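Summary of the model geometry
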Amino acid sequence: YQRRVHGESLCQGKKVVIFGVPGAFTPGCSKTHLPGYVADYQSFKNKGVDEIVCVSVNDAFVMAEWGNAQNATGKIRMLADPRAEFAKALGTSIDLSGALGNVRTKRFSMVVNNGVIEKLNVEPDNTGLACSLAKPLLETL
């Protein structure tokens, strides 16, 4: 669980869908966001996506258990961003300390092709459930 994943090696030579959520086990993330990507897994594969990755500012243990609880195992790679380093580097960090205790990531989705971000969708209100969901992203592929 403590292994570091580097974006370059994660995306090199592959088409990868990465989506970010404010928190594991939160209502919108658990009822809509992650389940949509799990349900559309095969459709993404059919469109040439090699891997789907979910990122959240949580620890690796929480992400693993959330993936298990959502039947994402074998479909969605669950990655932790415990210090929000990825969110900050991507420009999607947001201070949600009032609701979730610390800095989190805005809801986003992106397509990375061989290390190059081809599409980046960030929810206009930072936490809504529209452009970062599986179906709208799938329609752009």
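These figures come from a predicted structure and were not determined experimentally. (Residues numbered from 1 in each chain as written. Predicted model: local features only at pLDDT ≥ 70, side-chain atom pairs only at ≥ 80, totals over all residues. Heavy atoms only, no water.)

1. A short note on the pairing of strand β6 (residues 108-113)
Note the following rule: Only protein chains enter the accessibility calculation, which uses a 1.4 Å probe; a residue whose area is less than 20% of its type maximum is buried, one above 50% is exposed, and one in between is partly exposed. The numbering of helices and of strands both runs from the N terminus, where a helix is a DSSP run of H or I of at least 4 residues and a strand a run of E of at least 2. Pairing between two strands is assigned when DSSP locates at least 2 bridges connecting them.
Most of β6 is tucked away, with five of its six residues classed as buried. With six bridges connecting them, strand β1 (residues 15-21) and β6 associate as antiparallel partners. Paired with F19 across the two strands is S109, which belongs to β6. Examined bridge by bridge, β6 and strand β7 (residues 116-122) share six bridges and lie antiparallel to one another. By the bridge assignment for β7, S109 is matched with N121. Between the end of β6 and the start of β7, which pair antiparallel, lie two residues, with N114 showing a positive phi angle near 50°.

2. Remarks on the side chain of Q70
Stated formally: Contacts described as polar in this section are N or O atom pairs within 3.5 Å, which, within protein, must combine one atom able to donate a hydrogen with one able to accept it, while residues neighboring in sequence count only if both atoms come from side chains.
By the element assignment, Q70 lies in the loop between α4 (60-69) and β3 (76-80). Of the residues examined, Q70 reaches a relative accessible area of 18% and is grouped as buried. Only 3.4 Å separates the side chain of Q70 from the backbone oxygen of S30, close enough to count as a polar contact.

3. Some words on the pattern of salt bridges
This is how the line gets drawn: We count a salt bridge whenever a side-chain nitrogen from Lys or Arg sits within 4 Å of a carboxyl oxygen from Asp or Glu.
Scanning the model with the defined rule gives four salt bridges in all. Linking E51 and K14 is a salt bridge whose minimum nitrogen-to-oxygen distance equals 3.0 Å. With E51 in strand β2 (residues 51-56) and K14 in the loop between α1 (7-11) and β1, the pair connects residues that are 37 residues apart, well separated along the chain. Exposure remark for K14: the relative accessible area of 24% places this residue in the partly exposed category. The partner of E85 in a salt bridge is R83, and the shortest N-O contact between them spans 3.3 Å.

4. Remarks on a nonpolar patch on the surface
We count it as follows: Each patch is built from residues lacking any salt bridge and having more than 30% relative accessible area; the joining distance is 9 Å for like charges and 5 Å for nonpolar side chains (Val, Leu, Ile, Met, Phe, Trp, Tyr). The accessible surface values rely on the Shrake-Rupley method and a 1.4 Å probe; as for residues, cover is taken only from the protein chains in view.
On the surface, a nonpolar cluster with roughly 220 Å² of combined accessible area is contributed by I117, L120 and V122. Examined against the element boundaries, V122 turns out to sit in strand β7. Taking relative accessible area as the criterion, V122 reaches 31% and is therefore assigned partly exposed.

5. Quick word on the side chain of H33
Operational definition: Whether two residues are in contact is decided by their heavy atoms, any of which lying within 4.5 Å being enough.
In this fold, H33 is placed in helix α2 (residues 27-39). A polar contact of 3.0 Å, which involves the side chain of H33, links it to the backbone oxygen of S132. Other than its neighbours up to four places away in sequence, H33 contacts F19, G20, V21, G28, R107, L129, S132 and L133.

6. Observations concerning the nonpolar core
Applied cut-off: Grouping buried Ala, Val, Leu, Ile, Met, Phe, Trp, Tyr and Cys residues that are joined through side-chain atoms within 4.5 Å yields what is termed a nonpolar core.
Y37, F44, I52, W66 and I76 are the most contacted members of the largest nonpolar core, which has 22 residues in total. Residue contributions to this core peak at four residues, all from α2. When residues no more than four places from it in sequence are discounted, the contact partners of Y37 are V17, F19, F44, I52, I76, S109, S132, L133, A134 and L137. One finds V16, I18, M110 and V112 within the second-largest nonpolar core, a separate group that totals 10 residues.

7. Looking at the environment of V53
Note on placement: V53 falls in strand β2. Classification of V53 by relative accessible area gives buried; the value is 0%. Along the primary structure V53 and V16 are separated by 37 residues, whereas in three dimensions their C-alpha atoms are 7.4 Å apart. Residues contacting V53, with those up to four places away along its chain left out, are L10, V16, V17, I18, F19, I76, R77 and L79.

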